[in-house]
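# Geometric and topological summary
In case you want the letters, here they are:
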Amino acid sequence: MEKFVIEGGTKLKGEVTISGAKNAAVAIIPATILAKGRCVIENIPNISDVTILLRILREMGCTVNLIDRTTVEIDTTYIHEPVVPYEMARHMRASYYFLGSLLGRCNEASVSMPGGCHFGVRPIDQHIKGFEALGASVSIDYGMINAKWDTPIGAHIYFDVVSVGATINVMLSAVKAKGLTVLENVAKEPHIVDLANFLNSMGADIRGAGTDVIKIRGVDMLRGTTYSIIPDQIEAGTYMVATAATGGDVLIKNVIPKHLESITDKLEKAGAEITEYDDAIRVVRRQPLIKTNVKTLPHPGFPTDMQPQITVMLCLAKGTSIITEGVWDNRFKYVDELRRMGANIQVDGRVAVVEGVDQLTGAPVKATDLRAGAALLIGGLMADGMTEIEDIYHIERGYENVVEKLQSLGANIQKVVVPDEVVAKAL
Ligand code: EPZ
């Protein structure tokens, strides 16, 4: 078993460089299938979710070569069969983007129901609604989602909820549909825009990404391309919050400050000073944390993927902060772990009431999902004493070299391997 061991109490100081965006990479990698050729993807994050997707491509018959630490060459000329089996898909949500890209490429796809973080029911009805509107027949048998069509025809699709996944999947499937597809009430996250830019660089005709309406004019074929993924908004936000939480001073490099505005706004209200540069942002906190209310919403609102991190920071803000989760039904599971560290948080449905305390204390805790794990990391950095975090594979799904990056900022953190026989004895 591996765990992170943190001795808290150090203020983060120095510079850190942000990696490529996980949630853009996990859409762009399946999208390379549409090219039937060679793509070079730059600024790719070295995280386990990316490794799994590249393995799925290899299993399908594609060639994948790592050119350097952040660049991968993918040749999708040959595909054996348009299938992603359970063993490959169960580890992560984004495996279902192969539904859209394989449909677009092969006119059929069979993909296992996906895994990923668990925060309430995660339906895929809007993905299916989109595929069906374009002419697909979709069935679910023995945990496999099967979709196929003869000739996809462009359609006008209004999504009932704003969904990142459905927007991406239906966009992938529609790039070659005949005529015009209009997607309304779509997600506007930076990774949606990045995927559209990637597809356009392959020859697609997509307009409006980043607004509520995306228009896609079908093209006959797409070609390989070279493309650089945007910096990770959530990784950047996590280091911003970690800096503010520890009262530190950090220059966070390789970011797009515009993508961070909702986070910047809340951190300023909570007492941090933020300076924006062209592609960097500096966070400093000199004064005590100030209570702040936060509501998560689809982009450009405050991201749900930053909710656990800001909640743990506000545990040390004097007074009462109210955190409202506006996207997921059940994203406060990690609060039990924070309580073990001395946090005073009451949860009622989608609302958490955080009463500031003077100090958190280190404790053994478990990461329940990716961003919950990030919150425990921040909690460990803020706490008095030693925190041990188990189930760190969740964290490594989305944060590249997190131990090295935090160490370079002065944090006292180690990754420790506990031999299995020691774990067994302790049980
Ligand atoms: C993406 O998940 C992200 N994952 C999540 O980030 C993120 O929390 C989420 O978007 C919201 O920003 C990836 O990009 C791989 P949704 P996704 O479809 O696409 C409901 C992280 O930490 N809904 O936008 O699965 C759904 O129940 C991860 O990096 C339907 O009702 O989220 C939810 O309430 C975790 N029907 C809301 O929409 C559907 O068909 C938003 O979900 C689809 C979704």
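Below or above, wherever it landed, is the structure these notes cover.

Cut-offs used in this document
Residues numbered from 1 in each chain as written. Predicted model: local features only at pLDDT ≥ 70, side-chain atom pairs only at ≥ 80, totals over all residues. Heavy atoms only, no water. Helix = DSSP H or I, 4+ residues; strand = E, 2+ residues; numbered from the N terminus. Rg over C-alpha atoms; globule rule 2.2 N^0.38 Å. Contact = heavy atoms within 4.5 Å. Areas by Shrake-Rupley, 256 points an atom, 1.4 Å probe, with all protein chains shown as cover. Near = heavy atom within 4 Å. Polar contact = N/O pair within 3.5 Å; in protein donor to acceptor, adjacent residues only side chain to side chain. Nonpolar A, V, L, I, M, F, W, Y, C, P; charged D, E, K, R; others polar. Phe/Tyr/Trp six-rings, centres within 6.5 Å; stacked < 30°, edge-to-face > 60°. Buried < 20%, exposed > 50% of the residue type's maximum accessible area, 1.4 Å probe, protein only. 1 Å grid on protein atoms, 1.4 Å probe; cavity = no way out; pocket = protein on both sides within 12 Å on 5 of 7 lines; lining within 4 Å. Points joined across faces, edges and corners; volume = space filled by probe spheres on them. Salt bridge = Lys/Arg side-chain N within 4 Å of Asp/Glu carboxyl O. Expected span 1.5 Å × (residues − 1). Axes fitted to C-alpha atoms, helices over the stretch in contact; angles between N-to-C directions. Parallel < 35°, antiparallel > 145°, perpendicular 65-115°, else oblique. Pairing = 2+ DSSP bridges.

Moving on, we come to the overall build of the protein. Regarding its fold elements, the protein presents 15 helices and 24 strands. At 22 Å, the protein has a C-alpha radius of gyration in line with the 22 Å of a compact globule built from 427 residues. If you line up the protein on its principal axes, its C-alpha atoms span 65 × 50 × 40 Å. Here the contacts in the protein between residues at least 6 apart in sequence split such that 73% fall between residues at least 24 apart. Split by element, the accessible area of the protein, about 17,000 Å² in all, is 49% carbon and sulfur.

The next thing to look at is the site of the ligand. Lining the immediate environment of the ligand, one finds 25 residues, of which S163, V164, D305, V327 and R371 sit closest. At 3.1 Å from an oxygen atom of the ligand is found a side-chain nitrogen or oxygen belonging to W328. In the environment of the ligand, an oxygen atom lies 2.7 Å from a nitrogen or oxygen atom belonging to the side chain of R371. Out of a free accessible area of 820 Å², the ligand has 90% covered by protein chains. When residues of the shell around the ligand are traced back to their parent elements, those giving at least two are helix 1 (22-31), helix 5 (125-133), helix 6 (164-174) and helix 12 (370-382). Here the shell around the ligand is composed, by residue class, of twelve nonpolar, six polar and seven charged.

The next subject is the packing of aromatic side chains. Summed over the entire model, instances satisfying the criterion amount to three aromatic pairs. Taking the centre distance of 5.2 Å and the plane angle of 45° together, the rings of Y96 and Y97 count as tilted. Each of the two residues, Y96 as well as Y97, counts as buried. Judged by centre distance (5.5 Å) and plane angle (70°), the rings of F198 and Y227 are edge-to-face. Of this pair, F198 sits in helix 7 (residues 190-201) while Y227 sits in strand 14 (residues 226-228); the two residues are 29 residues apart in sequence, bridging distant segments of the chain.

Picture a little ball the size of a water molecule; that probe, rolled over the atoms, points out where space is still empty. In this model, the largest pocket occupies a volume close to 1,000 Å³. When contributions to the lining of the largest pocket are tallied by element, the ones reaching two or more residues are helix 1, helix 5, helix 6, helix 8 (233-246) and helix 12. Split into classes, the residues belonging to the lining of the largest pocket amount to 21 nonpolar, twelve polar and twelve charged.

For the rest of this paragraph, the subject is the pattern of salt bridges. All chains considered together, the criterion is met by 20 salt bridges. Where K188 meets D212, a salt bridge forms, and the shortest distance between an N and an O atom there is 2.9 Å. Here D212 lies in the loop between strand 12 (205-207) and strand 13 (213-217) and K188 lies in the loop between strand 11 (180-184) and helix 7, a separation of 24 residues in the sequence. Members of the salt-bridge network, linked through shared partners, are E2, E396 and K415.

As a further point, take helix 2 (residues 48-60). Between its first and last C-alpha, helix 2 extends 19 Å over 13 residues, near the 18 Å set by a 1.5 Å rise per residue. Buried within helix 2 are the following residues: D49, V50, I52, L53, L54, I56, L57 and M60. Backbone geometry just downstream of helix 2 places G61 in the positive-phi region, at approximately 110°.

Helix-helix packing is characterised by the crossing angle of the two axes and by the distance between the axes. Direction vectors running N to C along helix 8 and helix 10 (residues 307-314) enclose 5°, while the axes themselves pass 10 Å from each other. Here helix 10 runs roughly parallel to helix 8, going by the angle between their axes. Two secondary-structure elements touch here, helix 8 through I234, T238, V241, A244 and A245 and helix 10 through Q309, I310 and M313. Residue classes in the contact of helix 8 with helix 10 are distributed as six nonpolar, two polar and no charged.

Another aspect to go through is helix 7. Counted at 1.5 Å a residue, the expected span for helix 7 with its twelve residues is 16 Å, and the 17 Å between its end C-alpha atoms agrees. Taken residue by residue, helix 7 has P190, H191, I192, D194, L195, A196, F198 and L199 as its buried positions. Note on helix 7: the residue one or two positions beyond its end, G203, has a positive phi of about 110°.

The side chains of a regular strand alternate, residue by residue, between the two faces of the sheet. Note that strand 4 (residues 63-68) and strand 5 (residues 71-75) share five bridges and pair antiparallel. When the bridges of strand 5 are listed, T63 appears paired with D75. Counting the residues that bridge the hairpin from strand 4 to strand 5 gives two residues.

Looking now at the sheet that holds strand 18 (residues 294-295). The mixed open sheet is built from four strands, whose spatial order is 18-19-21-20. Edge positions in the sheet fall to strand 18 and strand 20 (344-348), since each of these pairs with one other strand and no more. By the bridge criterion, two bridges tie strand 18 to strand 19 (residues 320-324) in an arrangement that is parallel. Pairing of V294 across the sheet is with I323, part of strand 19.

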